[in-house]
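Below are the chains, spelled out letter by letter.
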Amino acid sequence: MAQVHPFRAYRYNPTKVAFDRVLTQPYDKISPAMQEQYYAADPHNLIVVEKGKTYEGDTPQNNVYTRAAGAIDDWIEKQVVVADPTPAFYGYTQEYAVPGTEQRPEGPQRMTRRGFIGAGKLEEYSACVVFRHENTLSGPKADRLELLRKTKMHTGQLFMLYSDPQKRVDQILSEAEGSSAPATELRDEYGVVHRLWVIDKAEHVAAIHAAMKDQKLVIADGHHRYETALTYRNERRAQADGKIDPEAPYERAIMTFVNTESPGLLILPGHRVAAHLHDFRWAEVRRHLEPWFTAETFAFAHDGEKAYARERFLTRLTETRAQRAIGAYPAAEDGKRAYYLLTLRQGADLSRLLPNVSPLQRELDVVLLHEGILEPALGITPQAVTAEANLTYEREAGAALDAVDRGAAEVAFLLNACGVDQVMKIATAGEVMPQKSTDFYPKMLSGIAMYRVE
């Protein structure tokens with residue numbers, strides 16, 4: 001089962017820098033504009049390592065990866081980044097406003113996600129200790145591997161799920177939070193408050209270590225980085241003539257562990273925006289879907305009616321979640337403008353509609369959309385999805401719908417979020433979900449705790 005160890009984290013020195021000026025979002029969530037903002041915030045901002053700039057004159061001796069390694073070494077030498085004196089676990093909380101609730105009269109809904117950071121033993125998927133729920137792409141892994149080779153530092157955390165209804169670790173984390181001020185506290189650009197506690201009491205360390213031994217772990221975020229860490233571990237083993245040293249730092253990776261019973265665990269839906277479709281006609285799509293889906297129409301004749309129609313449409317999408325509902329908003333056709341709520345017909349035989357997927361997969365709305373609508377009705381194949389030829393993804397429903405309004409897409413499909421129990425069942429059964437099926441919110445900051453693999 002899982003092996004989770006305390007470790008000596010490398011952390012930014014608060015006497016040298018301000019946390020909110022040097023920590024970043026994960027590398028794959030950093031836009032070009034964010035990259036520029038991070039560069040301007042502080043010369044010690046982790047952006048230099050996490051997602052540095054490339055230049056036309058880069059060489060094998062001077063490039064984005066070598067500059068990242070040089071920055072890390074320089075910061076350690078100047079004690080901008082320092083290693084903790086003793087191995088520890090680290091309690092990590094994130095207090096946030098639930099997206100989409102900001103405009104409520106009573107104020108936004110606020111939640112706190114609680115977890116802890118440790119060094120988890122890297123396991124092949126075949127060992128059935130660590131499970132994935134997504135496939136990975138080669139490009140991001142090649143980038144992260146070269147960065148790890150040069151820096152020998154994990155700066156971003158792997159987000160791992162485990163299930164413990166007894167909440168043994170959660171009790172220890174709550175005790176740590178109540179007994180001292182956080183070692184790190186900051187508010188990020190999305191208004192999320194991040195707090196970190198050092199947990200180094202021997203009895204607490206032993207209790208966490210013991211509580212995690214019987215756990216199976218599911219990767220929530222960080223599939224590319226996990227597989228990169230495995231590849232790096234295997235390279236280092238090969239350099240040691242195949243000998244395995246269980247205590248070698250590269251046998252482990254920095255992970256944040258969150259109990260599925262945590263009340264602050266939130267998954268947001270990943271809405272689909274479809275563009276560049278060949279000969280798209282919504283009326284023909286409707287005819288194709290008629291045997292399987294009922295359609296509730298929210299029509300509007302002009303922009304004055306549009307806001308009301310949209311509000312009713314979005315409300316009904318949430319209300320009909322248990323009925324397997326998918327929202328659709330096609331571009332205007334013959335002057336007709338409307339939102340559509342597609343609901344799976346009662347008694348529909350999913351083994352006929354989705355013959356090529358497992359019974360577990362058939363329970364996922366995102367699979368129902370991809371296999372039951374996107375491919376047969378719109379011609380968007382799994383290969384096209386992987387190539388990102390026709391689909392883009394939006395966290396906010398409004399952004400997906402607006403893409404159609406401004407002519408950037410032919411149709412948008414809105415989904416309800418999947419449940420964490422569905423993710424756990426799919427993953428531990430050895431299956432994977434379509435790309436961008438889950439959006440765990442908020443993201444964990446890179447650099448809040450770092451792990452050296454030398």
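One structure accompanies this document, and this report is about it. Fair warning: this is a prediction, and the values are worked out from it, not measured in the lab.

### Some remarks on helix H15 (residues 397–405)
Every α-helical turn comprises 3.6 residues, leaving residues that sit three or four positions apart pointing alike.
Stage number 1. Every buried residue of H15 is accounted for by Ala 397, Ala 400, Leu 401, Ala 403 and Val 404. In a view along the axis of H15, the buried residues occupy a sector of 150 degrees, so they form one face of it.
Stage number 2. As for H15, its buried residues are in contact with strand E14 (271–274), helix H10 (303–319), strand E16 (325–330), strand E17 (338–344), strand E18 (391–394) and strand E19 (411–414).
Stage number 3. Just past H15, the residue Gly 407 takes up positive phi, approximately 80 degrees.

### Thoughts on the pattern of salt bridges
Pairs may arise between side chains of opposite charge once their charged atoms sit close together.
Stage number 1. Enumeration over the complete set of coordinates arrives at 34 salt bridges.
Stage number 2. Ionic pairing is found between Arg 168 and Asp 214, a salt bridge with its closest N-O pair at 3.6 Å. Placement of Arg 168 in helix H6 (residues 168–179) and of Asp 214 in the loop between helix H7 (202–211) and strand E11 (217–221) is noted, with a sequence separation of 46 residues between them.
Stage number 3. A salt bridge links Arg 310 to Asp 405; the nearest nitrogen and oxygen atoms lie 3.6 Å apart. With Arg 310 in helix H10 and Asp 405 in helix H15, the pair connects residues that are 95 residues apart, well separated along the chain.
Stage number 4. Owing to a relative accessible area of 33%, Asp 405 belongs among the partly exposed residues under this scheme.

### A few points about empty space enclosed by the protein
Stage number 1. In this structure the tally under the stated criterion is 1 cavity of 30 Å³ or more.
Stage number 2. Each pocket or cavity is described by its volume, and for the largest cavity that value is around 180 Å³.
Stage number 3. Every residue lining the largest cavity is counted, 14 residues in all, and those nearest its centre are Arg 144, Met 153, His 154, Thr 155 and Arg 225.
Stage number 4. Elements with a minimum of two residues in the lining of the largest cavity: helix H5 (138–151), strand E7 (153–154), helix H8 (223–239) and strand E12 (252–259).
Stage number 5. Take the lining of the largest cavity: its biggest share by element is 4 residues, from H5.
Stage number 6. Counted by class, the lining of the largest cavity contains 6 nonpolar, 5 polar and 3 charged residues.

### Overview of the layout of surface pockets
Stage number 1. Of the volumes computed, that of the largest pocket is approximately 1100 Å³.
Stage number 2. Taken together, 43 residues form the lining of the largest pocket, with Asp 28, Lys 29, Lys 436, Asp 439 and Lys 443 sitting closest to its centre.
Stage number 3. Here the lining of the largest pocket gets 3 residues from one element, more than from any other, and that element is H8.
Stage number 4. Partitioning the lining of the largest pocket into residue classes produces 17 nonpolar, 13 polar and 13 charged.
Stage number 5. Taken as a whole, the second largest pocket spans an internal volume of roughly 850 Å³.
Stage number 6. The set of elements that each furnish at least two residues to the lining of the second largest pocket consists of strand E13 (266–268), H10 and H15.

### Some details on the packing of H5 against H8
Stage number 1. One way to put it is that H5 packs onto H8 with a least axis distance of 9 Å and a crossing angle of 50 degrees. Taken together, the axes of H5 and H8 are oblique relative to one another. By crossing handedness, the relation of H5 to H8 is classed as right-handed. Residues Pro 140, Lys 141, Arg 144, Leu 145, Leu 148 and Arg 149 of H5 form the contact with H8, whose participating residues are His 224, Arg 225, Glu 227, Thr 228, Ala 229, Thr 231, Tyr 232 and Glu 235.

### Considering the pairing of E11
Where a strand is regular, its side chains alternate between the two sheet faces.
Stage number 1. Most of E11 sits out of view: 5 of its 5 residues are buried.
Stage number 2. Strand direction decides the pairing type here: strand E6 (residues 130–131) and E11, joined by 2 bridges, are parallel. Within the sheet, the bridge partner assigned to Phe 131 lies in E11 and is Val 218.
Stage number 3. For strand E8 (residues 158–162) and E11, the ladder comprises 3 bridges, and the chain directions are antiparallel.

### Section: the sheet that holds E18
Stage number 1. Reading across from one edge, E15-E17-E16-E19-E14-E18 is the order of the 6 strands in this open sheet, with antiparallel pairing throughout. The sheet is open, and its two borders are formed by strand E15 (293–299) and E18, each paired with just one other strand. Neighbour-to-neighbour, the strand axes of the sheet open up by a mean angle of 25 degrees, direction not taken into account.
Stage number 2. For E14 and E18, the ladder comprises 4 bridges, and the chain directions are antiparallel. Residue pairing for E18: Arg 272 is matched across the bridge by Tyr 393.
Stage number 3. Of the strands in this sheet, E15, E16, E17 and E19 touch helix H9 (residues 282–289), which is tilted by about 15 degrees from E17.
Stage number 4. Along the sheet face, H10 touches E15, E16, E17 and E19 and points at about 15 degrees away from the line of E17.

Parameters and conventions
- Residues numbered from 1 in each chain as written.
- Predicted model: local features only at pLDDT ≥ 70, side-chain atom pairs only at ≥ 80, totals over all residues.
- Heavy atoms only, no water.
- Buried < 20%, exposed > 50% of the residue type's maximum accessible area, 1.4 Å probe, protein only.
- Helix = DSSP H or I, 4+ residues; strand = E, 2+ residues; numbered from the N terminus.
- Arc of directions from axis to C-beta.
- Contact = heavy atoms within 4.5 Å.
- Salt bridge = Lys/Arg side-chain N within 4 Å of Asp/Glu carboxyl O.
- 1 Å grid on protein atoms, 1.4 Å probe; cavity = no way out; pocket = protein on both sides within 12 Å on 5 of 7 lines; lining within 4 Å.
- Points joined across faces, edges and corners; volume = space filled by probe spheres on them.
- Nonpolar A, V, L, I, M, F, W, Y, C, P; charged D, E, K, R; others polar.
- Axes fitted to C-alpha atoms, helices over the stretch in contact; angles between N-to-C directions.
- Parallel < 35°, antiparallel > 145°, perpendicular 65-115°, else oblique.
- Left-handed = near helix turned anticlockwise from the far one by under 90°.
- Pairing = 2+ DSSP bridges.

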